[in-house]
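# What the coordinates show
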Number of protein chains: 2
Amino acid sequence: MKRRSPTIRQVQYFVSVVETLNFRSAAATLDVSQPTLSHQIAALEESFGLQLFERSRAGTIMTAAARELLPGARRLLEELQGLCDQAESLALGPAATYRLGVTPTLGPYLLPHVLPAVHKRYAALKLYVREDAPRNLESALVSGDHDLILTPLPVDQPDLTVVPLFNEPVRLVMSSDHRLAEKSRIVRKDLAGERVLTIEEHHHFHQQTQELCARLGAHLLRDYEGTSLDTLRQMVVMGMGVAFLPALYIRSEIHRPQELRIARVHGEDIQRTHALVWRKTSPARSLFREIANEIRSVAAATLSPEIKLVQTSRRKMIGSA
Amino acid sequence: MKRRSPTIRQVQYFVSVVETLNFRSAAATLDVSQPTLSHQIAALEESFGLQLFERSRAGTIMTAAARELLPGARRLLEELQGLCDQAESLALGPAATYRLGVTPTLGPYLLPHVLPAVHKRYAALKLYVREDAPRNLESALVSGDHDLILTPLPVDQPDLTVVPLFNEPVRLVMSSDHRLAEKSRIVRKDLAGERVLTIEEHHHFHQQTQELCARLGAHLLRDYEGTSLDTLRQMVVMGMGVAFLPALYIRSEIHRPQELRIARVHGEDIQRTHALVWRKTSPARSLFREIANEIRSVAAATLSPEIKLVQTSRRKMIGSA
DNA sequence: TGTATTTGATAGATAAAATCTATCAGTTTT
DNA sequence: AAAACTGATAGATTTTATCTATCAAATACA
């Protein structure tokens, strides 16, 4: 006895016959021929091992088994309809939940400015934001754990579309009683031998600070590293050293300028570049490109003068520092 | 763009690929070839108008749309599984609800004795009992509103299987101050001209009483007819006349013999025959025959001496009075 | 750095299934 | 008694699902 699973079609036919109790008119409603309907109902009965209808030339009546099965059959069809409806609305526009990974040293200070605009423009879209270190972000993006990441350059993974968004300056921050605090103009040589605090090693920003120090001849303090930019700031306030902090962080979190002095190093181009990155094969790539543009325009409108947009490029870019 | 509804099979394939994220191993699990699986997934994507997977030689990952659709797909498959399970258990044994129609002049007095045994033997079976007048019962059985009826003979509908169960004597009932109450032996001529109360016309028992009166030369009182056997009894108690009442009713409901005199008419065979009836085409016919036997044996065991079994007959019988 | 293995897609043939038309044999209606 | 209507059946045809064989790209391993 071969027990093949019933077909959706067969279940639809079943419900139709129940509704009319007449094979011919049910067939007409379904737009199939009456023999087809009879055949499929017979096949369904075969696969259930049950008789569903008592047929007579005088009319068709449901069996007790059919009465028992009917509600489940209807639920099945409703589930299917729901699935199709959902698929249709998904096909119509972005209504899914996309997983966005962000660097902890940027996300909290940029996204609050950007997400409202994105949500306004794509009402049905949801972004599930998770923070992670940049190198984890990249591999998680490749493996499919994220759909989209917001990360500092460089990104050197093939198969990824990297759209640079903007340059974020990095400022020098010192306590107000620091020896350079009163200096109106700080240049490279002022920093020679200066003790520079940094964030934990696994952050991308750590490496950038390290390179910066090497370039400026400053001394990277590795005894005590901050677990976050906030910690770093506290350490600076307590006079443990100076630190480089991203401009968007400073804009968001430093509200008492009297306790800290924020300076730029003249003659030096100190900044990091952030990019939005996704898999080249992602079916939502065009949506992601639009989101990139949205972020760029919101950033340009609300975050200047801190940030400067990166030239838009039509080419797919492999990120460079 | 032709948007055919997805197939159950396609949804199963979809869930399988989600579970392994590998087309080949999913195909092996499903016991189909990998090209078949690829093809069906592609067909599903086509019918949804959505991409469900990002394929690369390095691995397969779900799209956001697939993540959204997955729960619904799983629900759909669960509904199907539930339907199949239910069908299987229905095919295994009688687990459905059958609709049993009964005469009001028998049902309440017989079924309490019979149903417990039936339920014990067919634990999963449910009987939905409804009372109705015999001729309604018959047509409702034919039209499918009932699956089974318990009715007095005769039944003269073709296409029905009629299994006579037992003969139920009909007794003469009079008030204790009636002129015949003290008579130890009542015969036919005692009833000549006697005023006989009856139940409402649409009951089968009315007609039987009528025929009985004609045969015995009694006078059928039609001014005031009882709406139920209970009413009839009350009328007898109040001395409005005598009545014929079925033995099973008397057994069940008359507990104060001092206010009523119950007698038989000697030399007369006054009884009605009850039968269990179903459509010849009913798929549960073998079950119904078993139920008939069950009723017969329970009746024989617990309801004698009131009732006498009718000879079992292997032939399908068209009922006769 | 090659080599073998693994990935999903593709082409074409084949098998299976659903569907159609035409017809039949009973029922009910007129 | 005739006409209309019922679902079942037979056989042809179209559609669909599936298979085998193969490919091209990527990875894993030596």
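Residues numbered from 1 in each chain as written. Chains lettered and ligands numbered in written order. Predicted model: local features only at pLDDT ≥ 70, side-chain atom pairs only at ≥ 80, totals over all residues. Heavy atoms only, no water.

This next bit is on the relation of the copies chain A and chain B. For the pair chain A and chain B, the best superposition has an RMSD of 0.1 Å and corresponds to a rotation of 180° with a translation of 0.1 Å parallel to the axis. One copy is carried onto the other by what is essentially a two-fold rotation axis. A share of 100% of the interface residues of chain A reappears at the interface of chain B, consistent with the copies meeting face to face through the same patch. (Least-squares fit on C-alpha atoms with pLDDT ≥ 70 in both. Contact = heavy atoms within 4.5 Å.)

We now examine helix α2 (residues 23–30) of chain B. All names here are of chain B. Of all the positions in α2, only F23, A26 and A27 are classed as buried. Across the axial projection of α2, the buried residues extend over an arc of 100°, all falling on one side. Exposed and facing more than 90 degrees away from the buried side of α2 are R24, A28 and T29. The elements touched by buried residues of α2 are α1 (8–20), α3 (34–48), β1 (53–56) and β2 (59–62). A positive backbone phi angle near 65° is found at D31, which sits one or two residues after α2. (Buried < 20%, exposed > 50% of the residue type's maximum accessible area, 1.4 Å probe, protein only. Helix = DSSP H or I, 4+ residues; strand = E, 2+ residues; numbered from the N terminus. Arc of directions from axis to C-beta.)

Time to look at the pattern of salt bridges. In the structure shown here, the tally under the stated rule is 18 salt bridges over all chains. Between R67 of chain B and D147 of chain A there is a salt bridge, with its nearest N and O atoms 2.7 Å apart. In this pair, R67 of chain B is assigned in helix α4 (residues 64–92) and D147 of chain A in the loop between α6 (134–143) and β5 (148–152), connecting two distinct chains. Both residues of the pair, R67 of chain B and D147 of chain A, belong to the buried class. (Salt bridge = Lys/Arg side-chain N within 4 Å of Asp/Glu carboxyl O.)

Further remarks concern the protein's contact with DNA strand C. Around DNA strand C, the structure places 21 residues, and the nearest of them are R9 and S33 of chain A together with F23, R24 and R55 of chain B. Among all atoms of DNA strand C positioned within 4 Å of the protein, those belonging to sugar or phosphate total 61%. One of the side-chain N or O atoms of Q40 of chain A is found 3.4 Å from a phosphate oxygen in DNA strand C. Q34 of chain B has a polar side-chain atom sitting 2.8 Å from a base nitrogen of DNA strand C. Looking at the surface near DNA strand C, the elements with two or more residues in it are α1 (8–20) and α3 (34–48) of chain A together with α2 and α3 of chain B. Grouping the amino acids of the surface near DNA strand C by side-chain chemistry returns six nonpolar, nine polar and six charged. (Near = heavy atom within 4 Å. Polar contact = N/O pair within 3.5 Å; in protein donor to acceptor, adjacent residues only side chain to side chain. Nonpolar A, V, L, I, M, F, W, Y, C, P; charged D, E, K, R; others polar.)

Looking at the element boundaries, G217 of chain A is found in the loop between α7 (204–216) and β9 (219–220). Residues G217 of chain A and A192 of chain A, 25 residues apart in the sequence, show an inter-C-alpha distance of 4.9 Å.

To continue, consider the interface of chain A and chain B. Taken residue by residue, the interface counts 43 residues in chain A and 43 residues in chain B. Summing both partners gives a buried area of about 3700 Å² for chain A against chain B, and 60% of it is carried by carbon and sulfur. At the surface where chain A touches chain B, the tally comes to six salt bridges. Residue assignment for the side of chain A that touches chain B shows that the elements contributing at least two residues are α1, α4 (64–92), β3 (97–102) and α6 of chain A. The biggest single contributor to the side of chain A that touches chain B is α4 of chain A, with 17 residues. Class assignment of the residues belonging to the side of chain A that touches chain B gives a composition of 22 nonpolar, eleven polar and ten charged. (Buried area = accessible area lost by both parts, 1.4 Å probe.)

Around DNA strand D, the surrounding shell holds 21 residues, and the nearest of these are F23, R24 and R55 of chain A together with R9 and S33 of chain B. When atoms of DNA strand D within 4 Å of the protein are split into backbone and base, the sugar-phosphate part holds 61%. Between N22 of chain A and DNA strand D, the recorded distance is 2.7 Å, taken from a side-chain N or O atom to a phosphate oxygen. Within the side chain of T60 of chain A, a nitrogen or oxygen atom sits 3.1 Å from a phosphate oxygen of DNA strand D. Among the elements of the structure, α2 (23–30) and α3 of chain A together with α1 and α3 of chain B are those that each provide at least two residues to the surface near DNA strand D. Taken together, the residues of the surface near DNA strand D break down into six nonpolar, nine polar and six charged.

Residue and element names in this part refer to chain A. The contact between α1 and α3 brings their axes to 9 Å, and the two run at 110°. With respect to their mutual orientation, α1 and α3 come out roughly perpendicular. Between α1 and α3, the contacting residues are Q10, Y13, F14 and V17 on the first element and T36, L37, Q40, I41, A43 and L44 on the second. Taken together, the residues of the contact of α1 with α3 sort by class into seven nonpolar, three polar and no charged. (Axes fitted to C-alpha atoms, helices over the stretch in contact; angles between N-to-C directions. Parallel < 35°, antiparallel > 145°, perpendicular 65-115°, else oblique.)

All chains considered together, the criterion is met by ten aromatic pairs over all chains. Ring centres of F14 of chain B and F53 of chain B lie 5.8 Å apart, and the angle between their planes is 55°; on these two criteria the pair is classed as tilted. You can see F14 of chain B sitting in helix α1 and its partner F53 of chain B sitting in strand β1, a full 39 residues away along the chain. Accessibility classification places F14 of chain B together with F53 of chain B in one group, the buried group. Following the ring pairs from residue to residue traces out a cluster consisting of F14, F23 and F53 of chain A. (Phe/Tyr/Trp six-rings, centres within 6.5 Å; stacked < 30°, edge-to-face > 60°.)

The next thing to look at is the side chain of T63 of chain A. For T63 of chain A, the position within the fold is in the loop between β2 (59–62) and α4. Dropping the residues within four chain positions of it, T63 of chain A is found in contact with Q51, L52, F53 and E54 of chain A together with P283 of chain B.

On to the nonpolar core. Residues F14 and L276 of chain A together with F14 and L276 of chain B are the most contacted members of the largest nonpolar core, which totals 181 residues. F14 of chain A has contacts with I41, L44, L52, F53, A66, L70 and A73 of chain A, leaving out every residue within four places of it along the chain. (Core = buried A, V, L, I, M, F, W, Y, C linked by side-chain atoms within 4.5 Å.)

This brings us to the packing of α1 of chain A against α4 of chain A. All names here are of chain A. Contact pair α1 / α4: the axes reach a minimum separation of 10 Å and the direction vectors enclose 125°. One finds that α1 runs oblique with respect to α4. In the crossing of α1 with α4, the sense of the turn from one axis to the other is left-handed. Residues I8, V11, Q12, F14, V15, V18 and E19 of α1 form the contact with α4, whose own contacting residues are A66, L70, A73, R74, L76, L77 and L80. Counted by class, the contact of α1 with α4 contains eleven nonpolar, one polar and two charged residues. (Left-handed = near helix turned anticlockwise from the far one by under 90°.)

This next bit is on the side chain of R67 of chain A. For R67 of chain A, a relative accessible area of 18% gives the class buried. At a separation of 2.8 Å, a polar atom in the side chain of R67 of chain A contacts the main-chain carbonyl oxygen of T97 of chain B. Discounting residues that sit within four places of it in the chain, R67 of chain A has contacts with M62 of chain A together with T97, Y98, R99 and D147 of chain B.

Summing up the model confidence of chain A, the mean pLDDT is 80 and the portion of residues at 70 or higher is 89%. Low pLDDT (under 50) marks residues 314–321 of chain A, which in the prediction has 15 contacts with non-local residues, meaning those over four places away or in another chain. (pLDDT = per-residue confidence, 0-100.)

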